[in-house]
Amino acid sequence: MELTDLTPAERRVWDAFPRGERVDVRAAPDEDAADGAAWGPERTVRAEVLGALLLGGTAAEGQVAGLNLKGFRITGKLNLKYAVVEHAIRLRGCWFERKPLLYGARLRAFVLSDSALPGLTAATVTVDVVLRLSCCRITGPVRLAGARIAGGLFLTRAVIGTPPAPAGEPPAAVDEPPEPPLQFNHADIGTDVIATGLTVHGQTRINGATVGGQINLVDARLLNPGGDALYAETLTVGTDIRARGLRAEGRVNLTGSRIPGQLGLSRARLVNPGGTALRASSCAIGEVWLRSCDTIQGTVNLRRSQFDMLHVEPGGWPDTVRLDGLAYGSLRPHLPAEQRLPALEREEAGYLPFAYEQLAASYRTAGDEVAARTVQLAKLRRHRRTLPRHARMWGLLQDVTVGYGFRPLRAAGWLVALLCTGALAYGLRPPAPLKPDEAPEFNPVFYTLDLMLPIIGFGQEEAFGPRGWYQWLSYLLIVTGWVLATTTAAGVSRSLSRQ
């Protein structure tokens, strides 16, 4: 490119490049780059001029060359497809007429902070240092699929995508589903993804990505009602996903992800009515925090996942959950079992024994055996509802008498009540001895015990024979004694087998 072809604004950029000097043409430090279409020629530079500098420019002696612009209107397409650029690119607060093309390029650093552009095509790009899109306004898709970024990806307070039409206005006609506005699926990020305050109108697609550090989505807004707000299947993170205060309209899909630290969703708002709001099935996560969240609007699917710790208040669960195979080491906050059990009743698949066993195990880990027994009792009662009628009757009898072995004092109460009834009845009207000359002295208490206890004998039952309704009372005591003994043995055996 000949220097005589350059405009005065382009000549300033050309002269500053060899020394890496900043060229700032902003009218005010806080101006909005979205208004850049109206900027005049004194602030306009052609993308081909920037491309010529980046691909053929040289550094001044003893200087580090680089493109460092603020507040420019960039016309045409910045085409660096497959290019190897050894100079840092910093285009802050700029307005782009067309989306930059960086497909397959290798860059040192790429900074577009505070800029406005119609999109970014940078799939499979390699960045040696950092890629910054903080505070950008990007109306079209950001394509970073398969990118390799040695440092971090910064999206702080960026707004990506186009908001839907206001209520009352018909939506624009489309022939096919819209492209996800933010894509860095299968990307490899060396350190962190910092996206605090990010807003995305449409799907955020990061499935298969590998992030060496954390993903920070604190106070982000991912808005794709009826679709996937965050599509992050098989995501691998080195430490945490921090999403405190996240607002997600649409499904958050983390299926198969690996997060060794925290999945922090405290005070998050997850909304997908009629669909799945949170899908984190087949995941391996250190700690899952759902503290102080509004009630999740939509199904929660945590099937086959493994968490070291799960923190969720009872009020956070939606009406339908999928918890089959979910394993967790501890459950926080520690609450009475009666407050945790209703969530298991909301299981879409119905009765799941493992869900109750897992809850009981978490209480045992916390040293709360009383709560663990309460959960086991609730499990058997829930199972009883799935049985045939005759089996339900036997289960109900075990429940009423001994609480399936988890309420042994209840059997003692029944025995004491029957003992008092029999002793009083036979004490008032002792039965006649069968062999007066050989009969021992009658004792109403031990006679009643002799009738009730099926194994132990005190010699009273064989020596005396009641008549009339007292004989029917003896039959009742014998039958109830056998029933209590059988149900107590079955319940205690079941209880011991669970220990």
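Please read all numbers here as calculations on a predicted model, not as lab measurements.

Visitor: Requested: an account of the overall build of the chain, with residues and values cited.
Guide: Looking only at helices and strands, one finds 9 helices and 37 strands in the chain. The C-alpha atoms of the chain give 37 Å as radius of gyration, which overshoots the globular expectation for 499 residues (23 Å, by more than 25%). Based on the C-alpha atoms only, the size of the chain along its principal axes is roughly 140 × 55 × 35 Å. In the chain, which comprises 499 residues, the proportion classed as buried is 49%. Put simply, 46% of the contacts in the chain that link residues at least 6 apart link residues at least 24 apart. Here the chain has roughly 23,200 Å² of accessible surface; of this, 54% comes from carbon and sulfur atoms.

Visitor: Please provide a residue-by-residue account of the environment of Gly40, values included.
Guide: Within the fold, Gly40 resides in the loop between β1 (22–24) and β2 (44–46). For Gly40, a relative accessible area of 18% corresponds to the buried category. In sequence terms Gly40 and Arg73 are 33 residues apart; their C-alpha atoms lie 8.2 Å from each other.

Visitor: I'd love a proper account of the environment of Val142, names of residues and values included.
Guide: Assignment of secondary structure puts Val142 in strand β14 (residues 142–143). In this structure the C-alpha to C-alpha distance between Val142 and Ala122, which are 20 residues apart in sequence, comes to 7.6 Å.

Visitor: Describe the nonpolar core, listing the residues and the values that go with them.
Guide: Counting 114 residues, the largest nonpolar core has Leu67, Phe72, Leu91 and Leu198 as the members making the most contacts within it. With sequence-adjacent residues up to four places away left out, Leu67 is seen in contact with Val13, Phe17, Leu50, Leu53, Leu54, Ala88, Ile89, Arg90 and Leu91. Phe442, Leu451, Ala463 and Phe464 belong to the second largest nonpolar core, which has 13 residues in total.

Visitor: Tell me about helix α3 (residues 337–345), and please be specific about residues and values.
Guide: Structural remark: α-helix, 3.6 residues per turn; residues separated by three or four positions point the same way. Along α3, the residues classified as buried are Ala337, Arg340, Leu341, Ala343 and Leu344. Take α3 and look down its axis: the buried residues cluster within an arc of 150°, on one side only. Elements in contact with the buried residues of α3: β33 (306–312), β34 (321–322), β35 (327–332), α4 (353–365) and α5 (369–384).

Visitor: Please set out the state of the cysteines residue by residue, giving values where relevant.
Guide: Counted under the stated rule, the structure contains 0 disulfides. Unpaired in this structure, Cys135 has its nearest cysteine sulfur neighbour in Cys136, at a distance of 7.7 Å. In this structure Cys293 is a free cysteine whose sulfur lies 17 Å from that of Cys283, the closest cysteine sulfur available.

Visitor: Which residues make up the side chain of Asn207, and what values go with them?
Guide: Looking at the secondary structure, you find Asn207 in the loop between β22 (204–205) and β23 (210–211). Overall, Asn207 belongs to the buried group, its relative accessible area being 12%. Among all residues touching Asn207, those that are not within four sequence positions of it are Asn185, His186, Tyr231, Ala232, Glu233 and Thr234.

Visitor: Before we move on, can you summarise the pairing of strand β3 (residues 66–70) with the specific residues and values?
Guide: Judged by how many residues are buried, β3 sits mostly within the fold: 5 of 5 residues are covered. Going residue by residue along β3, you find Gly66, Asn68 and Lys70 tucked away on one face and Leu67 and Leu69 tucked away on the opposite face as well. Relative to β3, β1 runs parallel, the two sharing 3 bridges. Within β3, the position partnered with Arg22 by the bridge is Asn68.

Visitor: How would you summarise empty space enclosed by the protein if you had to cite specific residues and measurements?
Guide: Tallied over the entire structure, the rule returns 4 cavities of 30 Å³ or more. By volume, the largest cavity amounts to about 160 Å³. Lining the largest cavity are 13 residues; nearest its centre among them are Trp317, Leu323, Tyr328, Leu331 and Leu344. Sorting the residues of the lining of the largest cavity by element identifies β33, β35, α3 and α4 as the ones contributing at least two each. A breakdown of the residues in the lining of the largest cavity according to their chemical character gives 11 nonpolar, 1 polar and 1 charged.

Visitor: Outline the packing of α4 against α5, supporting the account with residue identities and numerical values.
Guide: Contact geometry for α4 and α5: axes closest at 7 Å, N-to-C directions at 170°. With respect to α5, the axis of α4 lies roughly antiparallel. Counted together, Pro353, Tyr356, Glu357, Leu359, Ala360, Tyr363 and Arg364 of α4 and Glu369, Ala371, Ala372, Val375, Gln376, Ala378, Lys379 and Arg382 of α5 form the full contact between these two elements. Partitioning the contact of α4 with α5 into residue classes produces 9 nonpolar, 1 polar and 5 charged.

Visitor: Give a description of the packing of aromatic side chains that names residues and reports values.
Guide: Within this structure, the stated rule accounts for 9 aromatic pairs. Their ring planes at 85° and their centres at 5.0 Å tell us that Tyr426 and Tyr447 sit as a pair that is edge-to-face. Taken together, the residues span a long stretch of sequence, with Tyr426 in helix α7 (residues 408–428) and Tyr447 in helix α8 (residues 444–452) at a distance of 21 residues. For Tyr447, a relative accessible area of 1% corresponds to the buried category. A ring pair is formed by Phe442 and Tyr447, whose centres lie 5.4 Å apart and whose planes are at 55°; its orientation type is tilted.

Visitor: Talk me through helix α1 (residues 8–16); I want residue IDs and the actual numbers.
Guide: Within the span of α1, buried status applies to Ala9, Glu10, Val13 and Ala16. Along the axis of α1, the buried residues cluster in a sector spanning 130°; they form a single face. Against the buried residues of α1 lie β1, β2, α2 (47–56) and β3.

Visitor: Talk me through the layout of surface pockets; I want residue IDs and the actual numbers.
Guide: The calculated volume of the second largest pocket comes to roughly 230 Å³. Around the second largest pocket sit 18 residues that line it, and Pro29, Glu31, Ala33, Gly93 and Asp114 are the ones nearest its centre. Split by residue class, the lining of the second largest pocket holds 7 nonpolar, 3 polar and 8 charged.

Quick notes on the rules
- Residues numbered from 1 in each chain as written.
- Predicted model: local features only at pLDDT ≥ 70, side-chain atom pairs only at ≥ 80, totals over all residues.
- Heavy atoms only, no water.
- Helix = DSSP H or I, 4+ residues; strand = E, 2+ residues; numbered from the N terminus.
- Rg over C-alpha atoms; globule rule 2.2 N^0.38 Å.
- Buried < 20%, exposed > 50% of the residue type's maximum accessible area, 1.4 Å probe, protein only.
- Contact = heavy atoms within 4.5 Å.
- Areas by Shrake-Rupley, 256 points an atom, 1.4 Å probe, with all protein chains shown as cover.
- Core = buried A, V, L, I, M, F, W, Y, C linked by side-chain atoms within 4.5 Å.
- Arc of directions from axis to C-beta.
- Disulfide = S-S within 2.5 Å.
- Pairing = 2+ DSSP bridges.
- 1 Å grid on protein atoms, 1.4 Å probe; cavity = no way out; pocket = protein on both sides within 12 Å on 5 of 7 lines; lining within 4 Å.
- Points joined across faces, edges and corners; volume = space filled by probe spheres on them.
- Nonpolar A, V, L, I, M, F, W, Y, C, P; charged D, E, K, R; others polar.
- Axes fitted to C-alpha atoms, helices over the stretch in contact; angles between N-to-C directions.
- Parallel < 35°, antiparallel > 145°, perpendicular 65-115°, else oblique.
- Phe/Tyr/Trp six-rings, centres within 6.5 Å; stacked < 30°, edge-to-face > 60°.

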